[in-house]
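Single-letter residue listing:
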Amino acid sequence: AQRVTQPEKLLSVFKGAPVELKCNYSYSGSPELFWYVQYSRQRLQLLLRHISRESIKGFTADLNKGETSFHLKKPFAQEEDSAMYYCALNEGFQKLVFGTGTRLLVSP
Amino acid sequence: ETGVTQSPTHLIKTRGQQVTLRCSSQSGHNTVSWYQQALGQGPQFIFQYYREEENGRGNFPPRFSGLQFPNYSSELNVNALELDDSALYLCASSLDGREWGSPLHFGNGTRLTVT
């Protein structure tokens, strides 16, 4: 069965430090992966998609098929990055399998 | 552009009762998906509706059912409520259910508590 694993429940860093949120997946075909984010008192929203290969709010994520990973990275964390981050795998036609999420806390 | 709206925001029901949750999709979107998010977990796919027809279902029992209306709004119905049904129920709409990777736009959710 398809599965998404986010090993860290909480990641706490200081402002300006690099951030890496880990995501590993299991999928038999060619995966399509996403990062969704939920800021405090806001709805869940798309941060980035692997097929777009873009940087959003300074975040990037590279699909590594050999390691079955899709880690989210940012070189210099900001306080406004504090949020809940979910990695998600598209099972087909937008049926997403989500990980359990990682809470990122950026302290001043 | 109007976003996804869900009602009610909170609901308390007793075990064995039935509940209906409602969702208005974002303007122009023809696909609605429902997710259940238990405390401390990621959202879990319940089912999806594309142009009024069920277009996929997750690992949920038949007492979870849904509808999509001609205006693409949707309902989630849960019969014979169980304590484990207590969760946040999220509705998400997307532009076209046939298109791979079309981003989901989520509502704020309905918090259901079953006592």
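Figured I'd write up the structure that's included with this text. (Residues numbered from 1 in each chain as written. Chains lettered and ligands numbered in written order. Predicted model: local features only at pLDDT ≥ 70, side-chain atom pairs only at ≥ 80, totals over all residues. Heavy atoms only, no water.)

## Digging into the overall build of chain A
What counts is decided by this rule: A helix here means a DSSP run of H or I that spans at least four residues, while a strand means a run of E at least two residues long, and both kinds are numbered starting from the N terminus. Atoms considered for the radius of gyration are the C-alpha atoms alone. The globule rule reads 2.2 Å times the number of residues to the power 0.38. Residue burial is assigned from relative accessible area. The probe radius is 1.4 Å, only protein chains are included, and a residue is buried under 20% of its type maximum, exposed over 50%, and partly exposed in between. What makes two residues a contact is simply this: any of their non-hydrogen atoms within 4.5 Å. For every accessible area listed, the method is Shrake-Rupley and the probe measures 1.4 Å; residues are considered covered only by the protein chains on display. In this count, Lys and Arg are taken as positive residues and Asp and Glu as negative ones, while His and the chain termini are left out. The atoms used to mark charge sites are NZ of Lys, CZ of Arg, CG of Asp and CD of Glu.
Helices and strands together make up the secondary structure of chain A, namely 0 helices and 11 strands. For chain A, the succession of helices and strands along the chain, N to C, is β-β-β-β-β-β-β-β-β-β-β. In terms of overall size, chain A behaves like a compact globule, its C-alpha atoms giving a radius of gyration of 13 Å where 108 residues would be expected to give roughly 13 Å. Dimensions of chain A, computed from C-alpha atoms along their principal axes, come out at roughly 40 × 30 × 25 Å. Classification of the 108 residues of chain A by burial places 45% in the buried group. Restricting the contact set of chain A to residue pairs at least 6 apart, pairs at least 24 apart contribute 57%. As displayed, chain A has an accessible area near 5400 Å², and 51% of this comes from carbon and sulfur atoms. For chain A, the distance from the average position of its 14 positive side-chain charges to the average position of its 10 negative side-chain charges is 5 Å.

## Notes on the packing of aromatic side chains
Short version of the rule: In this scheme Phe, Tyr and Trp rings, the latter by its six-membered ring, pair at centre separations within 6.5 Å, and the angle between planes marks the pair as stacked below 30 degrees, edge-to-face above 60, and tilted otherwise.
Per the stated rule, a full pass over the model turns up 11 aromatic pairs over all chains. Judged by centre distance (5.6 Å) and plane angle (90 degrees), the ring pair of Phe98 of chain A and Tyr35 of chain B falls under edge-to-face. Taken together, the residues Phe98 of chain A in strand 10 (residues 96-98) and Tyr35 of chain B in strand 4 (residues 31-37) connect one chain to another. For the residue pair Phe98 of chain A and Tyr35 of chain B, the accessibility class agrees, reading buried in each case. Measuring from centroid to centroid gives 5.1 Å for Phe60 of chain B and Phe64 of chain B, while their planes differ by 65 degrees, and the two rings are edge-to-face.

## Brief notes about the interface of chain A and chain B
Heads up, the condition is: Using a 1.4 Å probe, buried area is obtained as the accessible area two parts lose upon being combined, added over both of them. Any carboxyl oxygen of Asp or Glu within 4 Å of a side-chain nitrogen of Lys or Arg constitutes a salt bridge here. Whenever two N or O atoms come within 3.5 Å, that pair is a polar contact, provided that in protein one can donate a hydrogen and the other can accept it, and provided that, for residues adjacent in sequence, both atoms are side-chain atoms. Residues are grouped as follows: Ala, Val, Leu, Ile, Met, Phe, Trp, Tyr, Cys and Pro are nonpolar; Asp, Glu, Lys and Arg are charged; all remaining types, including Gly, are polar.
Chain A puts 21 residues into the contact, and the matching count from chain B is 26 residues. Taken as a group, Arg43, Phe93 and Gln94 of chain A account for 39% of the area that chain A buries against chain B, more than any other trio of residues on that side. For the pair chain A and chain B, the number of links is 0 salt bridges. Our enumeration of links across chain A and chain B arrives at 6 residue pairs in polar contact (both at pLDDT 80 or more). The class makeup of the residues in the side of chain A that touches chain B is 9 nonpolar, 6 polar and 6 charged.

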